[in-house]
Amino acid sequence: MKNILVAIDLDPNTQQLVDYAIQLAKAFEAKLWLIHIAEAEPDFIGYSEGPQYIRDTFAKELRDEHKAVQSLCNQVKKEGLDAEGLMIQGPTIDMILQEAEKLKADLIITATHHRNFIYKAFIGSVSTELFERSTIPLLAYPVGQ
């Protein structure tokens, strides 16, 4: 195993997922790719531009998310591992799978969150959909316990 892709959502439990991925990467002497899929820019998905303050707020959120991904990546590197942090905009599942293929990932690691039935019915689950669509081995790590 040479490349491990870790899909991170930057929620409060992300650190648990990254810590686990570090353990695996050390065991297999693998490179870690931390990927965060950001919300698509409003213009990108067909909305009009809107007031400048909305665009400024959105740009600040993206910068903050990018800094968080890079901070996690730097933490992995301090552990002596090869790592890259990626932040991509677009549909979450599609982007994770496309990047995994492009990076020749041997494993995708994602977090599972304990959500109630209503949430899963209306919002869905990234890990569930990845299990259904991925041809690359997938490891779902439970966080927040």
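Just so we're clear, the structure is a prediction, and the values are computed from it rather than from any experiment. (Residues numbered from 1 in each chain as written. Predicted model: local features only at pLDDT ≥ 70, side-chain atom pairs only at ≥ 80, totals over all residues. Heavy atoms only, no water.)

(A) Geometry of the sheet that holds strand S2 (residues 31-38). Reading across from one edge, S3-S2-S1-S4-S5 is the order of the five strands in this open sheet, with parallel pairing throughout. Two strands in the sheet have a free side with no partner beyond their single neighbour: strand S3 (83-89) and strand S5 (138-142). Taking the axes of each pair of neighbouring strands and ignoring which way they run, one obtains an average angle of 25 degrees across the sheet. Bridge count for S2 against S3 is seven bridges, and the pairing is parallel. (Pairing = 2+ DSSP bridges. Helix = DSSP H or I, 4+ residues; strand = E, 2+ residues; numbered from the N terminus. Axes fitted to C-alpha atoms, helices over the stretch in contact; angles between N-to-C directions.)

(B) Representation of the nonpolar core within the structure. Core analysis: the largest hydrophobic core is formed by 22 residues, its most contacted members being Ile4, Val6, Ile8, Leu32, Val76 and Ile109. Sorting the residues of this core by element identifies strand S1 (3-7), helix H1 (14-28), S2, helix H2 (52-78) and strand S4 (107-112) as the ones contributing at least two each. Among the elements that line this core, the one with the most residues is H1, at six residues. Other than its neighbours up to four places away in sequence, Val6 contacts Leu17, Ala21, Leu32, Trp33, Leu34, Ile35 and Ile109. Trp33, Ile37, Leu103 and Leu138 belong to the second-largest nonpolar core, a separate cluster that totals 18 residues. (Core = buried A, V, L, I, M, F, W, Y, C linked by side-chain atoms within 4.5 Å. Buried < 20%, exposed > 50% of the residue type's maximum accessible area, 1.4 Å probe, protein only. Contact = heavy atoms within 4.5 Å.)

(C) Structural detail: the packing of aromatic side chains. Evaluation of the coordinates by the stated rule reveals one aromatic pair. Between Tyr20 and Tyr141, the aromatic rings sit 4.4 Å apart at their centres with planes inclined by 20 degrees, giving stacked as the arrangement. A residue pair is termed long-range when its members are at least 10 positions apart, and Tyr20 in helix H1 and Tyr141 in strand S5 qualify at 121 residues. According to the relative accessible area criterion, Tyr20 is partly exposed, its value standing at 23%. (Phe/Tyr/Trp six-rings, centres within 6.5 Å; stacked < 30°, edge-to-face > 60°.)

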